[in-house]
Amino acid sequence: MGGACVLDADVERILLTEGDIDKIITRIAAQIDRDYCAPDKKLVLLCILKGSVVFMGELMKKLTIPVEIDFMRVSSYGHGTVSSGNVNIILDIMRSDLKECDILIIEDIIDSGKTLSYLSRYLKLKGAKSVRTCTLLDKPSRREVDFTADYLGTVVPDEFLVGYGLDYSEKYRALPYIGVLKPEVYR
Ligand code: PRP
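Positions within a chain are numbered from 1, following the residues in the order the chain's sequence is written. The model is predicted, so local features are restricted to residues of pLDDT at least 70 and side-chain atom pairs to those at 80 or more, both for listing and for counting; the totals for chains, interfaces and linings are taken over all residues. Only heavy atoms go into the side-chain values, all of them from the structure, while hydrogens and water stay out.

**Student:** Account for the packing of aromatic side chains, naming residues and giving values.
**Tutor:** By convention, a stacked pair of Phe, Tyr or Trp rings (six-membered ring in the case of Trp) has centres within 6.5 Å and planes under 30 degrees apart, an edge-to-face pair has planes over 60 apart, and any other such pair is tilted. The final tally for this structure, using the stated rule, is four aromatic pairs. Both rings, one in Tyr118 and one in Tyr122, keep their centres 6.0 Å apart while their planes meet at 15°; by these two values the pair is stacked. A residue pair is termed a helical-turn pair when its members lie 3 or 4 positions apart in one helix, as Tyr118 and Tyr122 do in helix α3 (residues 114-125) at four residues. When accessible area is computed with a 1.4 Å probe and restricted to protein chains, residues below 20% of their type maximum are described as buried, those above 50% as exposed, and intermediate ones as partly exposed. Owing to a relative accessible area of 25%, Tyr118 belongs among the partly exposed residues under this scheme. Where Phe160 meets Tyr168, the ring centres are 5.4 Å apart and the plane angle is 90°; that geometry is what we call edge-to-face. Of the residues examined, Phe160 reaches a relative accessible area of 27% and is grouped as partly exposed. Note on Tyr168: relative accessible area 27%, which makes it partly exposed. Through successive ring pairs, a cluster of aromatic residues spans Phe160, Tyr168 and Tyr186. Strands are runs of DSSP state E lasting at least 2 residues, helices are runs of H or I lasting at least 4, and numbering of each runs from the N terminus.

Written out as structure tokens, the structure reads:
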């Protein structure tokens, strides 16, 4: 195997192992099972592409209650560099039954808080029966708008994280753990 093909070599250290993540998701799934276990609930997990796809895939397998899934894709102008506050919807949720849906937005990470803050308001205005949020990771030190997720995996430090859905320039999403990227990779 050539060194250039091994993405692990670009990781400085592992922040969360597969085992750590599994425990976190098991805990969150139990909370969701408990909170949404009622005959009048219609739980829809809403995956925010692309980073949340791995988390959502694992989370839905651990739920024991009935669940539907859906997807949205958004982008924020100048994300990470300029705080414009604009969130663009690239792929919208298309459901005729939204008024009956208890939407749980699934995110891999909260940074400034703008994406989830915007999406929560958007889905309520669009008529969802209820809207809550769930994130695997949270970087509160980066917050620009006041926002707290209803379900939180774990707080992480302000470092460049990759793996388990998180990317740098579309790479590293498939790593089965969450690691800190070596600075020389992105500098
Ligand atoms: C990341 C992450 C959230 C958002 C969080 O997505 O998945 O959607 O940024 O940042 P915020 O709290 O500052 O709004 P990104 O734009 O990197 O797209 P991706 O999921 O396709 O990688």
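**Student:** Talk me through the site of the ligand; I want residue IDs and the actual numbers.
**Tutor:** Working definition: residue near molecule or strand if any one of its non-hydrogen atoms lies within 4 Å of it. Around the ligand, the surrounding shell holds 15 residues, and the nearest of these are Glu107, Asp108, Ser112, Gly113 and Thr115. Within 3.5 Å is the distance limit for a polar contact, defined as a pair of N or O atoms, with the added protein rule that one can donate a hydrogen and the other accept it, and that residues adjacent in sequence qualify only through two side-chain atoms. In this structure, Asp111 approaches the ligand through a main-chain N or O atom, which is 2.8 Å from an oxygen atom. A distance of 3.0 Å is found between an oxygen atom of the ligand and a side-chain nitrogen or oxygen belonging to Arg173. Each accessible area is a Shrake-Rupley estimate made with a 1.4 Å probe; only the visible protein chains count as cover when residues are assessed. Protein chains bury 86% of the 500 Å² of accessible surface belonging to the ligand in isolation.

**Student:** Describe in detail the confidence of the model for the protein chain, supporting the description with residues and values.
**Tutor:** Low-pLDDT portions of the prediction should not be read for the details of their coordinates. Confidence of the predictor at the level of single residues is given by pLDDT, which spans 0 to 100. Overall, the prediction assigns the protein chain a mean pLDDT of 93, with 93% of residues at 70 or greater. For the stretch residues 79-84, pLDDT sits under 50, and the model shows seven contacts to residues farther than four places along the chain or on other chains. Every residue pair with non-hydrogen atoms within 4.5 Å of one another is taken to be in contact.

**Student:** Go over α3 with me, naming the residues and quoting the values.
**Tutor:** The span one expects for a helix is its residue count, reduced by one, times 1.5 Å. Between its terminal C-alpha atoms α3 stretches 16 Å, which fits the 16 Å expected from twelve residues at 1.5 Å a residue. A positive phi of about 110° marks Gly127, the residue just after α3.

**Student:** Provide a residue-level description of the nonpolar core, including the pertinent values.
**Tutor:** Note on terminology: a nonpolar core comprises buried Ala, Val, Leu, Ile, Met, Phe, Trp, Tyr and Cys residues joined through side-chain atoms within 4.5 Å. Counting residues in each nonpolar core, the largest one holds 29 residues, and the members touching the most others are Ile32, Phe55, Leu59, Leu104, Leu136 and Leu137. For this core, the secondary-structure elements that each account for two or more residues are α1 (18-35), β2 (43-49), α2 (53-62), β5 (102-110), β6 (130-138) and β9 (178-181). The biggest single contributor to this core is α1, with six residues. Those residues in contact with Ile32 that sit more than four places away from it in its chain are Leu43, Leu59, Leu63, Ile65, Leu104 and Tyr151. Residues Val87, Cys101, Ile103 and Leu123 belong to the second largest nonpolar core, which totals 19 residues.

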